[in-house]
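Reading the structure
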Amino acid sequence: FTDMITALGFDADDTLWQNEQFYRLTEKSFTDLLADHSDSHHVSARLLEAERRNLKTYGFGIKGFTLSMIETALEITDGTVPQAVIGKILALGRAMSDHPIETLPHVHDTLEAVAGKYRIILITKGDLFDQERKLAQSGLGGFFNAVEIVSNKDAAVYSRAFTRHADGPDRAMMIGNSLKSDVIPALESGAWGIHVPHDLTWALEHAEAPANHPRFRTIETLATLPELLHELQQ
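So, here is what we can say about the structure in this document. (Residues numbered from 1 in each chain as written. Predicted model: local features only at pLDDT ≥ 70, side-chain atom pairs only at ≥ 80, totals over all residues. Heavy atoms only, no water.)

A word on the packing of aromatic side chains
Cut-off, in case you're wondering: Here the aromatic set is Phe, Tyr and Trp, taking the six-membered ring for Trp, and pairing holds for ring centres within 6.5 Å; pairs whose planes are under 30 degrees apart are stacked, those over 60 apart are edge-to-face, and all others are tilted. Secondary structure elements are taken from DSSP: a helix is a run of H or I of four residues or more, a strand is a run of E of two residues or more, and numbering for both begins at the N terminus. Think of it in three bands: residues with accessible area under 20% of the maximum for their type are buried, residues over 50% are exposed, and the middle band is partly exposed, with areas taken using a 1.4 Å probe on protein chains only.
Summed over the entire model, instances satisfying the criterion amount to 2 aromatic pairs. Relative to F162, the ring of Y158 has its centre 6.2 Å away and its plane inclined at 20°; by these criteria the two rings are stacked. Note that Y158 and F162 are positioned in helix α7 (residues 155-165) at a spacing of 4 residues, about one turn of the helix. Exposure remark for Y158: the relative accessible area of 0% places this residue in the buried category. Since its relative accessible area comes to 0%, F162 is described here as buried.

Looking at the sheet that holds strand β3 (residues 146-150)
Here is the rule: Note on pairing: DSSP must find at least two bridges between two strands before they are called paired. Where helices are involved, their axes are fitted lines through C-alpha atoms of the stretch in contact, as for all axes, and angles between N-to-C directions lie from 0 to 180°. The contact criterion used throughout is that any non-hydrogen atoms of two residues lie within 4.5 Å.
With respect to topology, 6 strands assemble into an open sheet ordered β3-β2-β1-β4-β5-β6, the strand pairing being parallel. At either end of the open sheet lies a strand with only one pairing partner, and these are β3 and β6 (216-218). Strand-to-strand twist in this sheet, taken as the mean axis angle between neighbours without regard to direction, amounts to 20°. Here strand β1 (residues 7-10) runs beside strand β4 (residues 172-176); their pairing, made up of 4 bridges, is parallel. When the sheet's bridge partners are listed, G9 is paired in β4 with M174. Helix-sheet contacts for helix α6 (residues 128-138) involve β2 (119-125) and β3, and the interaxial angle to β3 is about 145°.

Focus on helix α1 (residues 20-33)
Since one α-helical turn is 3.6 residues long, residues separated by three or four positions face the same way. Applicable threshold: Between the first and last residue of a helix there are one fewer steps than residues, each counted as 1.5 Å, and that sum is the expected span.
Given a rise of 1.5 Å per residue, 14 residues ought to cover 20 Å, and the 20 Å separating the end C-alpha atoms of α1 matches this to within 8%. For α1, every residue scored as buried is listed here: E20, F22, Y23, T26, F30 and T31. At its buried positions, α1 is contacted by α2 (40-58), α3 (62-76) and α4 (83-98).

Side note on the side chain of K153
Quick note on the threshold: Any pair of N or O atoms that falls within 3.5 Å is considered a polar contact. Within protein, one atom must be able to donate a hydrogen and the other to accept it, and sequence-neighbouring residues count only if both atoms are side-chain atoms.
With respect to the helices and strands, the residue K153 is situated in the loop between β3 and α7. A relative accessible area of 6% places K153 in the buried class. At a separation of 3.0 Å, a polar atom in the side chain of K153 contacts the main-chain carbonyl oxygen of I123. Discounting chain neighbours no more than four positions away, the residues touching K153 are D11, I123, T124, K125, Y158, M174, S181, D182 and P185.

Things to note about the environment of K56
Turning to its location among the elements, K56 is positioned in helix α2. The sequence separation of K56 and G126 amounts to 70 residues, and the corresponding C-alpha distance is 12 Å.

A look at unusual backbone geometry
At D14, a position not held by glycine, the phi torsion is positive, near 65°. Secondary-structure assignment places D14 in the loop between β1 and α1. Under the relative-accessibility criterion, D14 is labelled buried at 7%. Here the phi dihedral of H106 falls at roughly 75°; this positive angle occurs in a residue that is not glycine.

Spelled out as C-alpha cells, the structure:
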C-alpha cells in the first residue's frame, strides 16, 4: 500500500509558518500587565485554564486567546482590572493579527518539490479570517490544490477532506507539528501521519507519540519529506 500515496495534507501554524512564538511573546506581555496582582506562573496557569474552558465556545485562534486574556485579568483582579489594562490586552490581540507571516525553513522548497506529483491540501484549524490572512501573506497559496480551514481536527475531518479533494485517507499523508491534532487523528482516519516537531508546542496540543503505528513517521525538518516519500514508494 505504500506506493499508493497520492495526496499530502499540510498543517499551517508552526508547520509552514511561525505561530506559537507570537502567543508566547504576547503571554509574556500579558503577565507583565498583571504583575502587581500575581506572579507570572500563576497568571499563565489561569490563562491556560481559561483557554481550555473556552475552546468549545470561541474555538482556536487569536480572538479566543484575547478573550481568554480578558477573562483571566477579570478573575485575577476580582473584577477590578483597570480599563486601561483591558485596552492594552485588546491592543496585544490586534498586534498578533497584524504580525507579518514568517515561513519556516525549507517550506517553499519542499512544497515546490512535491507540487505536481501529489494533490496538495492545506488542512488547518482556527479562525477563518485569520487563517485566510496568513495564507495570503505567506505567498504559498499557489502550491495548494485545496484549502480546508476547520474548527477542530479529528479522524472524520481528515476522512472528509481526503475523500473530497483526493483518493481518500488510505492514499493520503498528513504532515504537521502537533501529534494531537495533525498526526493521531490522521492515523485514525487511515492516512499516514508525519510528525515534524517544532521547538514550541502549545500545552493543549501535547500527546504521546504513536511510535508503533505502521503509518507513523517523524522527520526533523520538512526538507527530508521528499526523501521519505521516495523511500515509501520503493
